[in-house]
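Now for the letters of each chain:
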Amino acid sequence: MFDIIIIGAGPAGLTAAIYARRAAKSVLVLEATAYGGQIINTPDIENYPVAAHISGFDFATKVYEQAKALGAEIVFEKAVEIEDHGTEKAVITAKNRYIGKALILATGSENRKLGLEKEDSLVGRGVSYCATCDGAFYRGKKVAVVGGGNTALEDALYLADLAESVTLIHRRDSFRGEEGTVARLKEKPNIHFMYNSNVTKLLAEKRLTAIEVTDRNGAVTELAVDGLFIAVGRIPENQNFAALIRLDEAGYIQAGENCHTNLPGIFTAGDNRTKEVRQLVTATADGAVAATEAVKYIAALS
Ligand code: NAP
(Lines give C-alpha, C1' and ligand atoms only; values in the text may rest on other atoms or scores of the structure.)
Protein backbone atom coordinates (compact mmCIF):
# COMPACT_ATOMS: atom_id res chain seq x y z
CA MET A 1 0.00 0.00 0.00
CA PHE A 2 1.46 3.36 -1.09
CA ASP A 3 0.17 6.63 0.25
CA ILE A 4 0.10 8.21 -3.20
CA ILE A 5 0.37 6.63 -6.63
CA ILE A 6 1.16 9.05 -9.42
CA ILE A 7 0.52 8.00 -13.02
CA GLY A 8 2.88 9.82 -15.37
CA ALA A 9 6.49 10.97 -14.90
CA GLY A 10 6.34 14.25 -16.77
CA PRO A 11 6.95 17.60 -15.05
CA ALA A 12 3.51 17.51 -13.37
CA GLY A 13 3.83 13.95 -12.03
CA LEU A 14 7.44 14.33 -10.91
CA THR A 15 6.72 17.63 -9.16
CA ALA A 16 3.80 15.96 -7.40
CA ALA A 17 6.24 13.23 -6.30
CA ILE A 18 8.64 15.84 -4.91
CA TYR A 19 5.88 17.54 -2.92
CA ALA A 20 4.44 14.26 -1.67
CA ARG A 21 7.84 12.98 -0.53
CA ARG A 22 8.56 16.26 1.25
CA ALA A 23 5.28 15.65 3.09
CA ALA A 24 6.75 12.24 4.11
CA LYS A 25 4.26 10.20 2.07
CA SER A 26 5.25 6.94 0.37
CA VAL A 27 5.12 7.55 -3.39
CA LEU A 28 4.97 5.30 -6.42
CA VAL A 29 5.29 6.92 -9.86
CA LEU A 30 4.23 4.79 -12.84
CA GLU A 31 5.46 5.78 -16.30
CA ALA A 32 4.50 4.05 -19.55
CA THR A 33 7.46 5.10 -21.68
CA ALA A 34 10.24 7.53 -20.67
CA TYR A 35 10.33 10.17 -17.96
CA GLY A 36 9.96 13.82 -18.89
CA GLY A 37 6.80 13.91 -20.99
CA GLN A 38 6.37 16.40 -23.80
CA ILE A 39 9.04 18.81 -22.53
CA ILE A 40 11.86 16.47 -23.59
CA ASN A 41 11.13 17.55 -27.18
CA THR A 42 11.87 21.21 -26.43
CA PRO A 43 15.44 22.09 -27.38
CA ASP A 44 15.72 25.24 -25.30
CA ILE A 45 13.41 26.29 -22.47
CA GLU A 46 13.31 30.06 -22.20
CA ASN A 47 10.15 30.70 -20.21
CA TYR A 48 10.63 28.86 -16.93
CA PRO A 49 11.78 31.06 -14.04
CA VAL A 50 15.52 30.76 -13.32
CA ALA A 51 16.02 27.87 -15.77
CA ALA A 52 16.50 30.06 -18.83
CA HIS A 53 18.33 28.16 -21.56
CA ILE A 54 18.16 24.57 -20.51
CA SER A 55 17.09 21.76 -22.81
CA GLY A 56 13.80 20.06 -22.03
CA PHE A 57 15.63 16.75 -21.61
CA ASP A 58 18.09 18.21 -19.09
CA PHE A 59 15.23 19.87 -17.23
CA ALA A 60 13.28 16.60 -17.06
CA THR A 61 16.36 14.67 -15.96
CA LYS A 62 16.97 17.10 -13.10
CA VAL A 63 13.36 16.83 -11.90
CA TYR A 64 13.47 13.02 -12.24
CA GLU A 65 16.70 12.82 -10.21
CA GLN A 66 15.27 15.21 -7.61
CA ALA A 67 12.16 13.05 -7.16
CA LYS A 68 14.27 9.87 -6.89
CA ALA A 69 16.71 11.44 -4.44
CA LEU A 70 13.77 12.36 -2.24
CA GLY A 71 12.70 8.71 -2.19
CA ALA A 72 9.97 8.42 -4.82
CA GLU A 73 9.79 4.91 -6.30
CA ILE A 74 9.58 5.20 -10.08
CA VAL A 75 8.50 2.14 -12.07
CA PHE A 76 8.26 1.96 -15.87
CA GLU A 77 4.92 0.22 -16.37
CA LYS A 78 1.84 1.48 -18.20
CA ALA A 79 -1.27 1.93 -16.09
CA VAL A 80 -4.06 0.35 -18.08
CA GLU A 81 -6.89 0.70 -15.57
CA ILE A 82 -7.74 2.30 -12.24
CA GLU A 83 -10.25 1.14 -9.63
CA ASP A 84 -11.84 3.13 -6.82
CA HIS A 85 -12.58 1.16 -3.65
CA GLY A 86 -13.15 4.18 -1.43
CA THR A 87 -10.16 4.44 0.94
CA GLU A 88 -8.14 2.16 -1.38
CA LYS A 89 -7.45 2.86 -5.03
CA ALA A 90 -5.95 0.28 -7.38
CA VAL A 91 -3.81 0.83 -10.45
CA ILE A 92 -3.48 -2.09 -12.82
CA THR A 93 -0.53 -2.54 -15.18
CA ALA A 94 0.31 -5.50 -17.45
CA LYS A 95 2.48 -6.93 -14.65
CA ASN A 96 1.10 -5.72 -11.35
CA ARG A 97 -1.78 -4.38 -9.32
CA TYR A 98 -0.72 -1.48 -7.09
CA ILE A 99 -2.76 -0.13 -4.17
CA GLY A 100 -2.66 3.46 -2.92
CA LYS A 101 -4.67 5.70 -0.64
CA ALA A 102 -4.74 8.50 -3.22
CA LEU A 103 -4.05 8.74 -6.95
CA ILE A 104 -2.74 11.57 -9.09
CA LEU A 105 -3.39 11.24 -12.82
CA ALA A 106 -0.64 13.14 -14.66
CA THR A 107 -0.55 11.37 -17.99
CA GLY A 108 -0.23 14.43 -20.22
CA SER A 109 -1.02 14.07 -23.89
CA GLU A 110 0.07 12.38 -27.12
CA ASN A 111 0.68 13.70 -30.65
CA ARG A 112 -2.36 14.53 -32.76
CA LYS A 113 -2.07 13.09 -36.26
CA LEU A 114 -3.15 14.66 -39.53
CA GLY A 115 -5.01 11.47 -40.42
CA LEU A 116 -3.48 11.21 -43.90
CA GLU A 117 -3.01 8.03 -45.87
CA LYS A 118 0.54 6.58 -45.31
CA GLU A 119 1.09 8.90 -42.32
CA ASP A 120 1.80 5.99 -39.95
CA SER A 121 3.89 3.95 -42.35
CA LEU A 122 6.13 6.94 -43.18
CA VAL A 123 7.09 7.69 -39.58
CA GLY A 124 10.88 7.39 -39.54
CA ARG A 125 10.92 7.62 -43.35
CA GLY A 126 10.23 11.31 -43.74
CA VAL A 127 7.40 11.90 -41.29
CA SER A 128 8.20 12.97 -37.75
CA TYR A 129 6.41 14.39 -34.70
CA CYS A 130 9.62 15.48 -32.95
CA ALA A 131 11.99 18.02 -34.48
CA THR A 132 14.57 17.78 -31.71
CA CYS A 133 14.65 13.97 -31.96
CA ASP A 134 14.85 13.71 -35.76
CA GLY A 135 15.99 17.15 -36.99
CA ALA A 136 19.64 16.09 -37.33
CA PHE A 137 18.65 13.60 -40.09
CA TYR A 138 17.56 16.55 -42.23
CA ARG A 139 20.76 18.58 -42.17
CA GLY A 140 21.03 20.42 -45.51
CA LYS A 141 17.66 19.05 -46.69
CA LYS A 142 14.23 20.51 -47.43
CA VAL A 143 11.61 20.12 -44.73
CA ALA A 144 8.13 21.34 -43.93
CA VAL A 145 6.48 21.90 -40.58
CA VAL A 146 2.70 21.87 -40.19
CA GLY A 147 0.90 23.63 -37.33
CA GLY A 148 0.49 27.08 -35.84
CA GLY A 149 1.08 26.64 -32.10
CA ASN A 150 4.23 27.07 -30.07
CA THR A 151 5.46 23.58 -30.90
CA ALA A 152 5.29 24.18 -34.67
CA LEU A 153 6.95 27.59 -34.32
CA GLU A 154 9.76 26.25 -32.15
CA ASP A 155 10.23 23.26 -34.44
CA ALA A 156 10.54 25.57 -37.47
CA LEU A 157 13.08 27.74 -35.64
CA TYR A 158 15.12 24.73 -34.58
CA LEU A 159 15.04 23.15 -38.04
CA ALA A 160 16.00 26.40 -39.78
CA ASP A 161 19.50 26.07 -38.30
CA LEU A 162 19.89 22.54 -39.71
CA ALA A 163 17.89 22.26 -42.91
CA GLU A 164 18.41 23.98 -46.24
CA SER A 165 14.86 25.29 -46.13
CA VAL A 166 11.82 25.08 -43.89
CA THR A 167 8.26 25.65 -45.10
CA LEU A 168 5.85 26.39 -42.27
CA ILE A 169 2.30 25.45 -43.25
CA HIS A 170 -0.61 26.70 -41.18
CA ARG A 171 -4.32 26.36 -41.80
CA ARG A 172 -5.10 29.96 -40.76
CA ASP A 173 -3.52 33.36 -41.49
CA SER A 174 -2.25 33.98 -37.95
CA PHE A 175 -0.37 31.83 -35.50
CA ARG A 176 -1.59 30.62 -32.14
CA GLY A 177 1.97 30.55 -30.73
CA GLU A 178 3.96 33.39 -29.13
CA GLU A 179 4.50 36.58 -31.14
CA GLY A 180 8.14 36.76 -30.06
CA THR A 181 8.83 33.40 -31.69
CA VAL A 182 6.95 34.43 -34.83
CA ALA A 183 9.15 37.55 -35.07
CA ARG A 184 12.29 35.41 -34.81
CA LEU A 185 10.99 33.06 -37.52
CA LYS A 186 10.41 35.97 -39.88
CA GLU A 187 14.07 36.97 -39.53
CA LYS A 188 15.25 33.59 -40.82
CA PRO A 189 15.91 33.77 -44.57
CA ASN A 190 15.37 30.03 -45.12
CA ILE A 191 11.88 29.86 -43.59
CA HIS A 192 8.93 30.18 -45.96
CA PHE A 193 5.32 30.54 -44.87
CA MET A 194 2.21 28.99 -46.37
CA TYR A 195 -0.91 30.36 -44.67
CA ASN A 196 -4.54 29.23 -45.00
CA SER A 197 -3.28 25.88 -46.20
CA ASN A 198 -3.49 22.23 -45.25
CA VAL A 199 -1.29 19.27 -46.06
CA THR A 200 -3.67 17.03 -47.97
CA LYS A 201 -1.47 14.23 -49.33
CA LEU A 202 1.85 12.53 -48.63
CA LEU A 203 3.75 11.46 -51.74
CA ALA A 204 6.30 8.72 -51.23
CA GLU A 205 8.30 5.99 -52.83
CA LYS A 206 10.33 4.25 -50.13
CA ARG A 207 10.46 7.55 -48.25
CA LEU A 208 8.52 10.77 -48.31
CA THR A 209 9.40 12.72 -51.45
CA ALA A 210 6.80 15.48 -51.54
CA ILE A 211 3.60 16.76 -49.98
CA GLU A 212 0.47 18.13 -51.52
CA VAL A 213 -0.73 21.38 -49.97
CA THR A 214 -4.22 22.72 -50.59
CA ASP A 215 -5.11 26.32 -49.83
CA ARG A 216 -8.50 27.61 -48.72
CA ASN A 217 -9.47 28.34 -52.35
CA GLY A 218 -8.77 24.76 -53.32
CA ALA A 219 -5.51 25.50 -55.15
CA VAL A 220 -3.13 22.55 -54.87
CA THR A 221 0.67 22.89 -54.70
CA GLU A 222 3.10 19.99 -54.75
CA LEU A 223 6.08 20.71 -52.54
CA ALA A 224 9.19 18.53 -52.77
CA VAL A 225 10.38 17.82 -49.23
CA ASP A 226 12.61 15.28 -47.53
CA GLY A 227 10.86 15.62 -44.20
CA LEU A 228 7.51 16.66 -42.77
CA PHE A 229 7.30 17.60 -39.10
CA ILE A 230 3.74 17.40 -37.80
CA ALA A 231 3.01 19.65 -34.83
CA VAL A 232 -0.76 20.05 -34.77
CA GLY A 233 -1.36 19.72 -31.07
CA ARG A 234 -1.87 16.99 -28.56
CA ILE A 235 -4.60 14.60 -27.41
CA PRO A 236 -4.99 14.03 -23.66
CA GLU A 237 -4.09 10.49 -22.57
CA ASN A 238 -7.11 9.79 -20.41
CA GLN A 239 -8.71 6.91 -22.29
CA ASN A 240 -7.80 4.41 -19.56
CA PHE A 241 -9.60 6.46 -16.90
CA ALA A 242 -12.72 7.30 -18.90
CA ALA A 243 -14.87 4.65 -17.19
CA LEU A 244 -14.46 6.37 -13.80
CA ILE A 245 -13.27 9.92 -14.30
CA ARG A 246 -15.38 12.70 -15.77
CA LEU A 247 -13.84 14.04 -18.99
CA ASP A 248 -14.85 17.01 -21.11
CA GLU A 249 -15.82 16.75 -24.79
CA ALA A 250 -12.19 16.94 -25.88
CA GLY A 251 -11.17 14.17 -23.48
CA TYR A 252 -9.54 16.34 -20.78
CA ILE A 253 -10.21 15.50 -17.11
CA GLN A 254 -12.70 18.00 -15.75
CA ALA A 255 -10.94 19.67 -12.83
CA GLY A 256 -10.45 23.15 -11.49
CA GLU A 257 -7.32 24.77 -10.11
CA ASN A 258 -7.49 22.50 -7.02
CA CYS A 259 -6.89 19.49 -9.31
CA HIS A 260 -9.79 17.47 -7.81
CA THR A 261 -11.51 15.02 -10.14
CA ASN A 262 -15.11 13.89 -9.69
CA LEU A 263 -13.90 11.14 -7.27
CA PRO A 264 -12.57 11.82 -3.75
CA GLY A 265 -8.92 10.82 -3.43
CA ILE A 266 -8.25 10.92 -7.18
CA PHE A 267 -6.54 14.07 -8.39
CA THR A 268 -5.14 15.22 -11.72
CA ALA A 269 -2.20 17.40 -12.73
CA GLY A 270 -0.79 18.84 -15.92
CA ASP A 271 -1.78 18.85 -19.56
CA ASN A 272 -4.44 16.12 -19.27
CA ARG A 273 -6.82 18.33 -17.27
CA THR A 274 -9.09 21.14 -18.40
CA LYS A 275 -7.18 24.43 -18.13
CA GLU A 276 -6.56 27.70 -19.91
CA VAL A 277 -2.76 27.72 -20.02
CA ARG A 278 -0.79 24.57 -20.80
CA GLN A 279 2.80 25.41 -20.04
CA LEU A 280 5.69 23.82 -18.18
CA VAL A 281 5.20 26.22 -15.31
CA THR A 282 1.48 25.42 -14.98
CA ALA A 283 2.21 21.68 -15.17
CA THR A 284 4.67 21.85 -12.28
CA ALA A 285 2.27 24.11 -10.37
CA ASP A 286 -0.46 21.49 -10.84
CA GLY A 287 1.89 18.83 -9.49
CA ALA A 288 2.40 20.85 -6.30
CA VAL A 289 -1.33 21.51 -5.91
CA ALA A 290 -2.40 17.91 -6.59
CA ALA A 291 0.14 16.48 -4.14
CA THR A 292 -0.87 18.98 -1.44
CA GLU A 293 -4.54 18.12 -1.94
CA ALA A 294 -3.74 14.38 -1.85
CA VAL A 295 -1.83 14.82 1.43
CA LYS A 296 -4.83 16.70 2.92
CA TYR A 297 -7.16 13.95 1.71
CA ILE A 298 -5.03 11.22 3.35
CA ALA A 299 -4.86 13.19 6.62
CA ALA A 300 -8.66 13.38 6.68
CA LEU A 301 -8.91 9.56 6.31
CA SER A 302 -7.36 8.89 9.71
P1 NAP B 1 -1.61 23.88 -29.98
O2 NAP B 1 -1.23 25.11 -29.28
O3 NAP B 1 -2.90 23.20 -29.65
O4 NAP B 1 -1.56 24.20 -31.54
C5 NAP B 1 -1.93 23.24 -32.48
C6 NAP B 1 -1.86 23.88 -33.83
O7 NAP B 1 -2.14 22.90 -34.82
C8 NAP B 1 -2.89 25.00 -34.01
O9 NAP B 1 -2.30 26.08 -34.67
C10 NAP B 1 -3.98 24.35 -34.84
O11 NAP B 1 -4.59 25.24 -35.73
C12 NAP B 1 -3.20 23.34 -35.65
N13 NAP B 1 -3.99 22.17 -35.99
C14 NAP B 1 -4.74 21.38 -35.18
N15 NAP B 1 -5.26 20.36 -35.86
C16 NAP B 1 -4.85 20.50 -37.15
C17 NAP B 1 -5.06 19.76 -38.33
N18 NAP B 1 -5.79 18.64 -38.35
N19 NAP B 1 -4.48 20.22 -39.46
C20 NAP B 1 -3.73 21.33 -39.47
N21 NAP B 1 -3.48 22.08 -38.37
C22 NAP B 1 -4.04 21.66 -37.23
O23 NAP B 1 -0.52 22.70 -29.81
P24 NAP B 1 1.06 22.77 -29.50
O25 NAP B 1 1.73 23.73 -30.39
O26 NAP B 1 1.51 21.35 -29.50
O27 NAP B 1 1.12 23.29 -28.01
C28 NAP B 1 0.42 22.60 -26.98
C29 NAP B 1 0.54 23.43 -25.70
O30 NAP B 1 1.89 23.42 -25.25
C31 NAP B 1 0.16 24.89 -25.95
O32 NAP B 1 -0.50 25.40 -24.82
C33 NAP B 1 1.51 25.55 -26.11
O34 NAP B 1 1.50 26.93 -25.78
C35 NAP B 1 2.35 24.74 -25.16
N36 NAP B 1 3.76 24.80 -25.57
C37 NAP B 1 4.53 25.74 -24.99
C38 NAP B 1 5.85 25.87 -25.35
C39 NAP B 1 6.69 26.91 -24.67
O40 NAP B 1 6.15 27.64 -23.84
N41 NAP B 1 7.96 27.02 -24.98
C42 NAP B 1 6.41 25.03 -26.33
C43 NAP B 1 5.59 24.10 -26.93
C44 NAP B 1 4.26 24.00 -26.56
P45 NAP B 1 -5.54 26.44 -35.21
O46 NAP B 1 -4.61 27.49 -34.67
O47 NAP B 1 -6.26 26.84 -36.44
O48 NAP B 1 -6.42 25.82 -34.18
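Here the structure is a predicted model, which is why all the values come from computation and not from measurement. (Residues numbered from 1 in each chain as written. Predicted model: local features only at pLDDT ≥ 70, side-chain atom pairs only at ≥ 80, totals over all residues. Heavy atoms only, no water.)

Caption draft 1: How the structure looks around the sheet that holds strand β12 (residues 197–204). Taken in spatial order, the three strands line up as β12-β13-β14 in an open sheet, and their pairing is antiparallel. A single partner strand is all that each edge strand has here, and the edge strands are β12 and β14 (220–224). Between one strand and the next, the sheet's axes are offset by a mean angle of 25°, whatever the strand orientation. Alignment of strand β13 (residues 208–215) against β14, held across five bridges, turns out to be antiparallel. Counted as the bridge partner of T214 is V220 from β14. (Pairing = 2+ DSSP bridges. Helix = DSSP H or I, 4+ residues; strand = E, 2+ residues; numbered from the N terminus. Axes fitted to C-alpha atoms, helices over the stretch in contact; angles between N-to-C directions.)

Caption draft 2: Spatial organisation of the domain arrangement of the protein chain. Here the domain parsing of the protein chain yields domain 1 (2–110 + 234–301) and domain 2 (127–230). Its C-alpha centre places domain 1 at a distance of 32 Å from the equivalent point of domain 2. Each partner contributes to the interface: domain 1 provides eight residues, whereas domain 2 provides nine residues. Between domain 1 and domain 2 lies a buried interface of about 500 Å² when both sides are counted; carbon and sulfur atoms form 37% of it. At the boundary of domain 1 and domain 2, one finds one salt bridge. (Domains from an automatic or database assignment. Contact = heavy atoms within 4.5 Å. Buried area = accessible area lost by both parts, 1.4 Å probe. Salt bridge = Lys/Arg side-chain N within 4 Å of Asp/Glu carboxyl O.)

Caption draft 3: Representation of the sheet that holds strand β8 (residues 127–128) in the model. Taken in spatial order, the five strands line up as β8-β15-β9-β10-β11 in an open sheet, and their pairing is parallel. Sheet topology places β8 and β11 (191–194) at the edges, where each strand pairs with a single neighbour. Alignment of β8 against strand β15 (residues 227–230), held across two bridges, turns out to be parallel. Bridging from a neighbouring strand, S128 pairs with F229 of β15.

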